[in-house]
Amino acid sequence: MVFSAGQSYAVSTNFDPLQQNIWGSKPHISSFSIKEINFKQCDKPTILSKKSLYISAVLSGFKHADESKVSKSRDPLVQCNAYEASRPQSIPISIEFGQGAQAAAAQKLKIGFYFATWWTLNVVFNIYNKKVLNAFPFPWLTSTLSLAAGSLMMLVSWTTKIAETPKTDFDFWKALFPVAVAHTIGHVAATVSMSKVAVSFTHIIKSGEPAFSVLVSRLLGETFPLSVYLSLLPIIGGCGLAAITELNFNLIGFMGAMISNLAFVFRNIFSKKGMKGKSVGGMNYYACLSMMSLLILTPFAIAVEGPQVWALGWQNAVSQIGPNFIWWLVAQSVFYHLYNQVSYMSLNEISPLTFSIGNTMKRISVIVSSIIIFQIPIQPINALGAAIAIMGTFLYSQAKQ
């Protein structure tokens with residue numbers, strides 16, 4: 001019952017608000033008429049209140065008794081007091097997510113950041129790498145500088161404690177050597193390819209890497225389900241269609257991309273077999289790989305091209321391009337290391353299937369961006385071949401799972 005009043009009243013009544021049987025019967029509210037309530041005005045006026053007034057009853061004399069003795073065993077007077085309703089107060093509610101949900105959300109965000117960074121750095125590298133090769137067509141030196149820049153960056157990071165120095169031993173470097181050899185061959189072959197043909201064509205051919213992976217793994221005794229072999233058909237057919245219809249086809253460029261595919265397949269195989277049980281993380285692992293590849297590549301680069309040829313090419317490039325050529329060379333070297341480093345860090349966080357899908361999407365971004373930036377003429381049939389090959393790569397990653 002609620003009263004809103006400008007004056008205070010005392011309330012008295014003769015009704016029985018609660019009756020309870022001695023035998024434990026349920027309590028009930030007695031019915032009464034509102035006319036039975038007598039209001040007596042108090043002598044002292046009170047301040048007008050706009051708040052609701054709640055009625056609280058103070059009952060006395062209630063005892064467990066028989067119905068016939070109720071009137072004798074309790075006080076017939078019920079005193080009611082009025083009081084102001086308290087103001088509503090906000091109740092703070094804190095919702096805490098489980099540790100598992102928070103960790104999963106953070107992991108997805110981290111992987112998304114890795115993928116976006118990986119693709120962006122790869123696109124930037126390919127653009128600057130092609131600009132450098134157009135003005136300075138010496139892929140052996142360009143490949144060497146890319147490895148040298150990454151090695152220098154990591155040495156500085158270890159010295160300044162920005163990155164934790166890896167704990168390695170002789171067995172680690174021994175297991176890393178065949179991986180470094182395959183990585184060096186694949187890196188140089190891809191750079192040679194891009195010096196001869198368009199960036200988009202090189203990456204279309206490199207999308208055929210799963211076919212080489214299945215072939216080499218099959219020769220080593222590994223078996224695959226039928227769906228994996230069927231997924232190779234669009235890869236091989238798409239790459240073949242793109243190669244036949246390429247306007248600026250070059251055999252050296254084509255063979256360079258094919259050799260790169262084969263070398264990177266062996267790199268992955270050696271890496272899986274030789275790095276089991278090693279505790280070096282993805283970032284430091286790729287840093288060590290770059291340093292060993294640099295030691296392997298440097299003498300071959302000097303033998304194949306040589307300092308005299310490099311000096312003449314340097315003068316020609318600087319005279320044609322100007323100081324921007326130096327910036328191009330530095331950018332392609334730095335971004336090469338960064339995009340590979342991020343890809344190895346991603347591989348530590350995701351499954352091989354997710355990595356393969358990410359690698360496929362990376363090639364699409366590189367192909368499209370290079371066509372736009374370098375304004376490469378492309379025929380519809382050539383674009384169809386590229387699309388078929390990339391779709392085949394995606395189907396392969398699904399079937400491999």
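Residues numbered from 1 in each chain as written. Predicted model: local features only at pLDDT ≥ 70, side-chain atom pairs only at ≥ 80, totals over all residues. Heavy atoms only, no water.

Trainee: Now, about the overall build of the chain: what can you tell me, with residues and values included?
Mentor: Of the regular secondary structure elements, the chain holds 13 helices and 5 strands. The buried share of the chain, reckoned over its 401 residues, is 42%. Contacts in the chain between residues far apart in sequence, at least 24 positions, make up 86% of those at least 6 positions apart. (Helix = DSSP H or I, 4+ residues; strand = E, 2+ residues; numbered from the N terminus. Buried < 20%, exposed > 50% of the residue type's maximum accessible area, 1.4 Å probe, protein only. Contact = heavy atoms within 4.5 Å.)

Trainee: Can you lay out the packing of aromatic side chains for me, pointing to particular residues and giving the numbers?
Mentor: One pass over the full model with this rule turns up 15 aromatic pairs. Ring centres of phenylalanine 172 and tryptophan 173 lie 5.4 Å apart, and the angle between their planes is 85°; this geometry places the pair in the edge-to-face category. With a relative accessible area of 2%, phenylalanine 172 lands in the buried category. The exposure class assigned to tryptophan 173 is partly exposed, which follows from its relative accessible area of 29%. Through a chain of ring-to-ring contacts, the aromatic side chains of Phe136, Phe138, Trp314 and Phe325 assemble into a single cluster. (Phe/Tyr/Trp six-rings, centres within 6.5 Å; stacked < 30°, edge-to-face > 60°.)

Trainee: Outline the confidence of the model for the chain, supporting the account with residue identities and numerical values.
Mentor: Confidence in the prediction for the chain averages 77 pLDDT; 72% of positions are at 70 or higher. By mean pLDDT, the top-scoring element of the chain is helix 3 (residues 139–159) (95), and the lowest-scoring one is strand 2 (residues 9–12) (43). Taken together, the stretch residues 1–40 has pLDDT below 50 and engages in 75 contacts with residues farther than four places along the chain or on a different chain. Across residues 58–72 the pLDDT falls below 50, and counting only partners more than four positions away or on other chains, this stretch makes 20 contacts in the model. (pLDDT = per-residue confidence, 0-100.)

Trainee: Mind laying out unusual backbone geometry, listing which residues take part and the relevant values?
Mentor: Backbone geometry places lysine 161, a non-glycine residue, at a positive phi of 65°. Counting through the fold element by element, lysine 161 comes out in the loop between helix 3 and helix 4 (170–196). Exposure remark for lysine 161: the relative accessible area of 67% places this residue in the exposed category. Phi is positive for glutamine 375, which is not a glycine, with a value near 50°. Inspection of the secondary structure puts glutamine 375 in the loop between helix 12 (352–374) and helix 13 (380–400).

Trainee: Before we move on, can you summarise the pattern of salt bridges with the specific residues and values?
Mentor: Scanning all chains against the criterion turns up 1 salt bridge. Salt-bridge contacts for glutamate 209 lead to arginine 363; the nearest nitrogen and oxygen are separated by 3.9 Å. Of this pair, glutamate 209 sits in helix 6 (residues 209–219) while arginine 363 sits in helix 12, placing them 154 residues apart in sequence. A relative accessible area of 6% means that arginine 363 is categorised as buried. (Salt bridge = Lys/Arg side-chain N within 4 Å of Asp/Glu carboxyl O.)

Trainee: Can you lay out empty space enclosed by the protein for me, pointing to particular residues and giving the numbers?
Mentor: All told, the structure shown has 1 cavity of 30 Å³ or more when counted by the stated rule. Taken together, Ser200, Thr245, Glu246, Leu247, Ile376, Pro377, Ile378, Gln379 and Asn382 form the lining of the largest cavity. A per-class count over the lining of the largest cavity returns 4 nonpolar, 4 polar and 1 charged. (1 Å grid on protein atoms, 1.4 Å probe; cavity = no way out; pocket = protein on both sides within 12 Å on 5 of 7 lines; lining within 4 Å. Points joined across faces, edges and corners; volume = space filled by probe spheres on them. Nonpolar A, V, L, I, M, F, W, Y, C, P; charged D, E, K, R; others polar.)

Trainee: Summarise helix 10 (residues 307–321); cite the residues concerned and give the values.
Mentor: With 15 residues, helix 10 should cover 21 Å at 1.5 Å per step; its first-to-last C-alpha distance of 21 Å lies within 8% of that length. Within helix 10, burial applies to Trp310, Gly313 and Ala317. Burial along helix 10 is one-sided: seen end-on, the buried residues are contained in an arc of 70°. Exposed and facing more than 90 degrees away from the buried side of helix 10 are Gln308, Leu312, Gln315 and Ser319. At the C-terminal side of helix 10, glycine 322 shows a positive phi close to 95°. (Expected span 1.5 Å × (residues − 1). Arc of directions from axis to C-beta.)

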